[in-house]
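So you can see what is in the structure, the chains are spelled out below.
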Amino acid sequence: MYIRPEQIAEQYEMEVKSISKGRDCFLCETDLGMRALKEYRGSVERAEFLAGMLDFLKGQNIVAEQIFYTKEGEIFARDEEEQNYLLLSVFRGAECDTKSREDMVYAVRLLAGLHNATEQYPDEVPEFVKMNPNALLLLYEKHNRELRQVRNYIRGREQKNEFEEMFMRQFAGFFEKAQAVTEQLQNMEICEELTGFCHGDYNQHNVVFSREGVAVVNFLNFSYQIRVSDLSNFVRKMMEKNSWNTSLGMELIGAYDSVRKLKPQELSYLYFYLAYPEKFWKIANHYSHSHKAWLSGRNTEKLSKVVAQEGAREHFLQSLAIKKRSLALLSSECFFSF
């Protein structure tokens, strides 16, 4: 009897030499090279659109993964439990190094190039990839409700542990910043020209320096939304990994802008995205869904780190909002204020 990945792999025109467990996938060594079988929960239409888009990007000289069809010409294969799987190409190499400025700068330039390439897409944008232009506002409103719920829960506890005491001491300051960003987003009108195709999960894990070139992978969250959300996500993750180093953050934004010029309203959106205390919310959300009696000391360490880095984060945000020298994207003709 075959194990499940072997049953799935049999549906493709390839000779499988070995199968191993990878990150959220099965890695298949085949006569055609390395392939990945990944669970897929979307529609046929979305999968076929994504396959076509990846093929289009290849024609635009973007090194990206490709989706392969089964022997029967189907976009995905099914196992005995009717779970769908996509077969994707795999690039061997090193992920973007979050300690290497060269890697990170290359990655944001590559992102800008990816966005430029998608602007050439000739077909109509399907409705199923379009996201609500107010998605960020709705997300932050939800985060704010969740922060209040955690605050109320902890406030009602008679015996508070170290994490809970620290959280209560820090809550007012971080929540004030969260509310301020949310209120400003409510007054921000989203123009149609700000929207476009986005990777949807652009981070260091999805940029691979391989022999075939620097590849972008994991497009399963591909969507049509405010384009600079990709840049915001990447910059935030790099800044968290590098203690909110102001010069690094400005260099990354400038590198993107050197390939794809940022519009003034995109800069505003970038600021709001980075100004929201995302990490504070994330720690609170993890606490909310954890077993309170078994709370790990790791939560306290993470919260302590966020508190310690807040001064550096604020300095970076001030530089992004005010200091425009040395970066064309913060020049006087497109400078913005908050």
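Keep in mind that what you see is a predicted model, and the values were worked out from it rather than measured.

Analysis parameters
- Residues numbered from 1 in each chain as written.
- Predicted model: local features only at pLDDT ≥ 70, side-chain atom pairs only at ≥ 80, totals over all residues.
- Heavy atoms only, no water.
- Salt bridge = Lys/Arg side-chain N within 4 Å of Asp/Glu carboxyl O.
- Buried < 20%, exposed > 50% of the residue type's maximum accessible area, 1.4 Å probe, protein only.
- Helix = DSSP H or I, 4+ residues; strand = E, 2+ residues; numbered from the N terminus.
- Phe/Tyr/Trp six-rings, centres within 6.5 Å; stacked < 30°, edge-to-face > 60°.
- Axes fitted to C-alpha atoms, helices over the stretch in contact; angles between N-to-C directions.
- Parallel < 35°, antiparallel > 145°, perpendicular 65-115°, else oblique.
- Left-handed = near helix turned anticlockwise from the far one by under 90°.
- Contact = heavy atoms within 4.5 Å.
- Nonpolar A, V, L, I, M, F, W, Y, C, P; charged D, E, K, R; others polar.
- 1 Å grid on protein atoms, 1.4 Å probe; cavity = no way out; pocket = protein on both sides within 12 Å on 5 of 7 lines; lining within 4 Å.
- Points joined across faces, edges and corners; volume = space filled by probe spheres on them.
- Patch = residues over 30% accessible without salt bridge, like charges linked within 9 Å, V, L, I, M, F, W, Y side chains within 5 Å.
- Areas by Shrake-Rupley, 256 points an atom, 1.4 Å probe, with all protein chains shown as cover.
- Lys, Arg positive; Asp, Glu negative; His and termini not counted.
- Charge placed at Lys NZ, Arg CZ, Asp CG, Glu CD.
- Polar contact = N/O pair within 3.5 Å; in protein donor to acceptor, adjacent residues only side chain to side chain.

A. Focus on the pattern of salt bridges. Counted under the stated rule, the structure contains 19 salt bridges. A salt bridge links K130 to E127; the shortest N-O distance between them is 3.1 Å. You can call K130 partly exposed: its relative accessible area is 39%. Between E314 and K177 there is a salt bridge, with the nearest N and O atoms lying 3.2 Å from each other. With E314 in helix α10 (residues 297-321) and K177 in helix α5 (residues 162-186), this residue pair connects regions lying 137 residues apart in the sequence. Among the charged side chains, a network of salt bridges with common partners joins E119, R227, R260 and E266.

B. Seen up close, the packing of aromatic side chains. Overall, the coordinates contain 22 aromatic pairs when judged by the stated rule. Both rings, one in F49 and one in F197, keep their centres 6.0 Å apart while their planes meet at 35 degrees; by these two values the pair is tilted. Here F197 lies in strand β8 (residues 195-198) and F49 lies in helix α2 (residues 44-59), a separation of 148 residues in the sequence. Like F49, the residue F197 is buried in the burial classification. Measuring from centroid to centroid gives 5.2 Å for F197 and Y224, while their planes differ by 80 degrees, and the two rings are edge-to-face. Here the residue F197 occupies a position in strand β8, and Y224 occupies one in strand β11 (residues 223-226), the gap between them amounting to 27 residues.

C. Molecular detail of the packing of helix α4 (residues 135-155) against α5. Running from N to C, α4 and α5 cross one another at 155 degrees; their axes reach a closest spacing of 10 Å. With respect to α5, the element α4 is oriented roughly antiparallel. Taken as a pair, α4 and α5 cross one another with a handedness that is left-handed. Across from L136, L137, Y140, E141, N144, L147, R148, V150, R151, I154 and R155 in α4, the residues of α5 making contact are E164, F167, M168, F171, F175, A178, Q179, V181, T182, L185 and Q186. Classifying every residue of the contact of α4 with α5 by side-chain character gives 13 nonpolar, 4 polar and 5 charged.

D. Main features of empty space enclosed by the protein. What the rule picks out here adds up to 1 cavity of 30 Å³ or more. In this model, the largest cavity occupies a volume close to 50 Å³. Lining of the largest cavity is provided by P133, N134, L136, L137, L185, M188, I190, I226 and Y269. Its residues assigned to classes, the lining of the largest cavity comprises 8 nonpolar, 1 polar and no charged.

E. Looking closely at a negative patch on the surface. The grouping of E45, E48, E72 and E74 at the surface amounts to a negative patch. Within the secondary structure, E48 is located in helix α2.

F. Fine view of unusual backbone geometry. Although it is not a glycine, N61 sits at a positive phi angle of roughly 65 degrees. With respect to the element layout, N61 can be found in the loop between α2 and β4 (67-68). The exposure class of N61 is exposed, given its relative accessible area of 70%. The phi angle at N218 is positive, at roughly 60 degrees, despite the residue not being glycine.

G. Main features of the environment of Y202. Considering the arrangement of structural elements, one finds Y202 in the loop between β8 and β9 (207-210). The class of Y202 is buried, set by a relative accessible area of 0%. Separated by 20 residues in sequence, Y202 and F222 place their C-alpha atoms 9.8 Å apart. Among the polar contacts listed, one links the side chain of Y202 to the backbone oxygen of A107, at a separation of 2.6 Å.

H. Region of the structure containing the environment of L110. Position of L110 relative to the elements: it lies in helix α3 (residues 101-118). C-alpha separation for the pair L110 and V259, spaced 149 residues apart in sequence, amounts to 8.6 Å. Not counting residues within four places of it along the chain, the set of residues in contact with L110 comprises Y202, V207, V214 and V216.

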